[in-house]
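One letter stands for each residue in the lines below.
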Amino acid sequence: MNVTDRPRFAPRWLELRERADAVARAPELLHPLLEWMSAQSAPAGPPGSSGGLVIRDLGCGTGSMGRWLTVRLPGPQHWILHDLDPLLLAHAGARMPVTAADGTPVDATTRRGDLATLTADDLAGTSLVTASALLDLLTREEVEALAEACVDAGCPVLLALSVAGRVELTPPDPLDAAIADAFNDHQRRTDQGRALLGPDAVAAAVAAFERRGATVVVRPSPWRLDCAESALTAEWLRGWVGAAVAQRPELAPEAVAYLRRRLEECAAGELSVAVHHTDLLALPGPSSGSAG
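Keep in mind it's a predicted model, so treat the numbers as computed, not measured.

Geometry of an aromatic ring pair is reported as the spacing of the ring centres plus the angle between the planes. Overall, the coordinates contain three aromatic pairs when judged by the stated rule. On the basis of an interplanar angle of 50° and a centroid distance of 6.5 Å, the ring pair of W240 and Y258 is categorised as tilted. One end of the pair, W240, is in helix 8 (residues 230-247); the other, Y258, is in helix 9 (residues 252-267), with 18 residues separating them in the sequence. The pair W240 / Y258 is uniform in exposure class, with both members buried.

Structure, rendered in structure tokens:
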């Protein structure tokens, strides 16, 4: 991705979604990941270390993926947190857990830079590459480059919470489908010359990793939002409808009333939303096909 000094996401939004993200992520992917790691001949480790896992979190934001995953993996861990926003990096680095699932130590460093420039040489000694809510923001070329770097480095990849392009709102509304279609088109937009994959990203990633001989497993990781997550639901609604209108301005007159109705339902505890995502695990080695 191109380096820019402009943050892509507000910390408030990332904080709002952290609990829903944690509930949605697919923990069952950790079993094949840990099996694969245990089958390797020697643990990785940072230069000068005595071993342990080296984990790179791409587009780490405020560090929610690290906070979720650290305490679910055993053994000493060294995290390298990558992001373009120095304020988010500082936030993420300060809030990483200091112990793993088995009480062994965890430490973290931060790194600002262009994720698209990572190569297999950069990933040497890396035990795991992970990211959350990042894959759908990439282009096809960037997904191919990520797959090539990780497979060539023999490094597994865990990519969580990629947009799947499906949303279910209860109760339904006649305008739901038009807003959803426009939002999905917005996710596939060309942004500063980059053709984003949006909801097509998971399929592109599965193909890219399998073409290089990796074993790929995918699992659903939907947000299921109700009155307990009313603040997140309201913020998501504003962003969802706003992106749809940005893509199709002709929706604006109906969308204003639609958003008002939906926010009123949310405030009254009468609205529930399922926002579908997909988690993907890619393991270097002979492919047995993807699983849905």
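Trans peptide bonds make up most of the peptide bonds, and negative phi angles are found at most residues other than glycine. Cis rather than trans, the peptide bond between T170 and P171 has omega equal to 5°. The backbone of A133 shows a phi angle near 55°, a positive value even though the residue is not glycine. Tracing the backbone through its elements, the reader meets A133 in the loop between strand 4 (128-132) and helix 5 (140-152). For Q192, which is not glycine, the phi torsion reads 55° and is therefore positive. Here Q192 lies in the loop between strand 6 (190-191) and strand 7 (194-195).

As paired strands, strand 2 (residues 77-83) and strand 3 (residues 106-112) are joined by seven bridges and run parallel to one another. Paired with D83 across the two strands is R112, which belongs to strand 3. Regarding topology, helix 4 (residues 86-94) serves as the crossover connection from strand 2 to the parallel strand 3, and that connection is right-handed.

With 11 of 12 residues buried, strand 10 (residues 272-283) is to be regarded as a mostly interior element. Summarising the sheet, strand 5 (residues 157-170) and strand 10 pair through nine bridges and their orientation is antiparallel. Note on strand 10: the bridge partner recorded for V157 is A282. Taken together, the six bridges between strand 8 (residues 215-220) and strand 10 define a ladder with antiparallel strand orientation. Considered in strand 10, the bridge of V218 is made with L280.

Here the focus is the nonpolar core. Among the nonpolar cores identified, the biggest contains 56 residues, and L69, L158, L169, I179, W223, W236 and W240 are the most heavily contacted of them. Top element by residues in this core is helix 8. It accounts for eight residues. Counting 31 residues, the second-largest nonpolar core is a separate cluster that includes L146, A205, A208 and V218.

On to the side chain of T233. Considering the arrangement of structural elements, one finds T233 in helix 8. Once you skip the residues sitting within four places of it in the chain, T233 turns out to touch L225, D226, C266, L271 and V273.

A separate point is helix 4. Given 3.6 residues per helical turn, the α-helix brings residues three or four places apart onto the same face. Residues of helix 4 that are buried: L88, L89 and A92. The arc enclosing the buried residues of helix 4, seen along the axis, measures out at 100°, which places them on a common side. Along helix 4, the residues that are exposed and aim more than 90 degrees away from the buried face are L87 and A94. The inward-facing, buried residues of helix 4 abut helix 1 (11-24), strand 2 and strand 3. Residue D85 occupies the N-cap position of helix 4, its side-chain oxygen lying 2.9 Å from the main-chain nitrogen of L87.

Of the positions making up helix 7 (residues 201-211), those classed as buried are A201, V202, A204, A205, V206, A208 and F209. Where helix 7 is buried, its residues meet helix 5, strand 5, strand 8 and strand 10. Taken from the residues just after helix 7, G213 is the one with a positive phi, measuring 90°.

What follows concerns the confidence of the model for the protein. Chain-level statistics for the protein give a pLDDT mean of 90 and a share of 91% at 70 or above. Predicted confidence for residues 1-7 stays below pLDDT 50, and this span has 19 contacts to residues more than four positions away or in other chains.

Two numbers describe how helix 1 lies on helix 8: the axes approach to 9 Å, and their chain directions differ by 125°. One finds that helix 1 runs oblique with respect to helix 8. Considering the relative orientation of helix 1 and helix 8, their crossing is left-handed. Across from R12, W13, L16, R17 and A20 in helix 1, the residues of helix 8 making contact are A231, L232, E235 and W236. Of the residues belonging to the contact of helix 1 with helix 8, the class tally is six nonpolar, no polar and three charged.

The rules we used
Residues numbered from 1 in each chain as written. Predicted model: local features only at pLDDT ≥ 70, side-chain atom pairs only at ≥ 80, totals over all residues. Heavy atoms only, no water. Phe/Tyr/Trp six-rings, centres within 6.5 Å; stacked < 30°, edge-to-face > 60°. Helix = DSSP H or I, 4+ residues; strand = E, 2+ residues; numbered from the N terminus. Buried < 20%, exposed > 50% of the residue type's maximum accessible area, 1.4 Å probe, protein only. Pairing = 2+ DSSP bridges. Right-handed = clockwise from strand over helix to strand, strands pointing away. Core = buried A, V, L, I, M, F, W, Y, C linked by side-chain atoms within 4.5 Å. Contact = heavy atoms within 4.5 Å. Arc of directions from axis to C-beta. Polar contact = N/O pair within 3.5 Å; in protein donor to acceptor, adjacent residues only side chain to side chain. pLDDT = per-residue confidence, 0-100. Axes fitted to C-alpha atoms, helices over the stretch in contact; angles between N-to-C directions. Parallel < 35°, antiparallel > 145°, perpendicular 65-115°, else oblique. Left-handed = near helix turned anticlockwise from the far one by under 90°. Nonpolar A, V, L, I, M, F, W, Y, C, P; charged D, E, K, R; others polar.

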